[in-house]
Amino acid sequence: MLVIRMIPLPCSRIKHRAPAALLQPATSSEMDRGQEPQAAAARGVEVSLRRFDLADVDAMMVWASDPQVAAVCRWEPYESTDPLLAFIRETVLPHPWFRAICVGGEEERPVGAVSVTPTADACRAELGYVLARAHWGKGVATAAVKRVVATVFAEVEGLERVEALVDVRNAASQRVLEKAGFRREAVMRKYCVLKGQVKDMVMYSFISTDSLVE
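A quick note: this is a predicted structure, and the numbers were derived from the prediction, not measured.

1. Observations regarding the pairing of strand β5 (residues 124-131)
- Taken across its eight residues, β5 has eight buried, putting it largely inside the fold.
- Burial along β5 is two-sided: the face carrying R124, E126, G128 and V130 and the face carrying A125, L127, Y129 and L131 are both buried.
- Pairing of strand β4 (residues 110-118) with β5 involves seven bridges; the strand directions are antiparallel. Pairing of V114 across the sheet is with Y129, part of β5.
- Linking two consecutive strands that pair antiparallel, namely β4 and β5, is a turn of five residues.
- Here β5 pairs with strand β6 (residues 161-167) via three bridges, running parallel. Within β6, the residue paired with R124 across the bridge is R161.
- With respect to chirality, the unit in which β5 leads through helix α4 (residues 140-155) into the neighbouring parallel β6 is right-handed.

2. Quick look at the confidence of the model for the chain
- Of all residues in the chain, 78% have pLDDT values of 70 or greater, and the mean over the chain is 82.
- Every residue in residues 1-42 is under pLDDT 50, and counting partners more than four places away or in other chains gives 262 contacts.

3. Thoughts on the pattern of salt bridges
- Per the stated rule, a full pass over the model turns up ten salt bridges.
- Note that R133 and D66 form a salt bridge whose closest N and O atoms lie 2.8 Å from each other. Remark: D66 occurs in the loop between α1 (57-64) and α2 (67-70) and R133 occurs in the loop between β5 and α4; sequence separation between them is 67 residues.
- Judged by its relative accessible area of 37%, R133 falls in the partly exposed class.
- Across the pair R124 and E163 runs a salt bridge whose closest N-O atoms are separated by 2.8 Å. In this pair, R124 is assigned in strand β5 and E163 in strand β6, connecting sequence segments 39 residues apart.
- When its relative accessible area of 15% is taken as the criterion, R124 is described as buried.
- A relative accessible area of 4% means that E163 is categorised as buried.
- The structure contains a network of salt bridges with shared partners spanning D121, R124, R161, E163 and E185.

Criteria and thresholds
Residues numbered from 1 in each chain as written. Predicted model: local features only at pLDDT ≥ 70, side-chain atom pairs only at ≥ 80, totals over all residues. Heavy atoms only, no water. Buried < 20%, exposed > 50% of the residue type's maximum accessible area, 1.4 Å probe, protein only. Helix = DSSP H or I, 4+ residues; strand = E, 2+ residues; numbered from the N terminus. Pairing = 2+ DSSP bridges. Right-handed = clockwise from strand over helix to strand, strands pointing away. pLDDT = per-residue confidence, 0-100. Contact = heavy atoms within 4.5 Å. Salt bridge = Lys/Arg side-chain N within 4 Å of Asp/Glu carboxyl O.

Quick look at the structure:
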């Protein structure tokens, strides 16, 4: 998906692992490619973020089992819900900031996921997201990322910078980040290996003093 280090499903994340943006178009390849809902309009579609629950495993399976989504991630398509359920229980639920992307309201089934993962530097975290293929190209990813930067700095103590890495060839994911207000900083040459291929990555960032995009 995007670039950004996507949440390990084990998918990508940002750093020296496979970036999320890798996730498919930005999780957006062709994408656009305590439970407090945060809503935003995406081309007339309401997008909200909420915490995951074990009951979301079937919804997550939709994108986790999709070969086209997994193609740009470190993980291979899931074939059953058992390992995915373990992933939710052991990684997603304990994660400090891992949210379900929903369309239509808090109680809707998730159509994707977004995470902000702390790094060794308390001021910096890595963005990751993934979206079910049926929702690519509809503005959902962009709306979700906008909601992230609008809320995460107030929710994560000491956070000053959210960064994301995207495959240089993933133009759609780059557009998602740019439309959400992220700034392109540099091309990281030969930055990581994804499924046997050495990738050049583009570094994007959004800092706490940047202006939010409407």
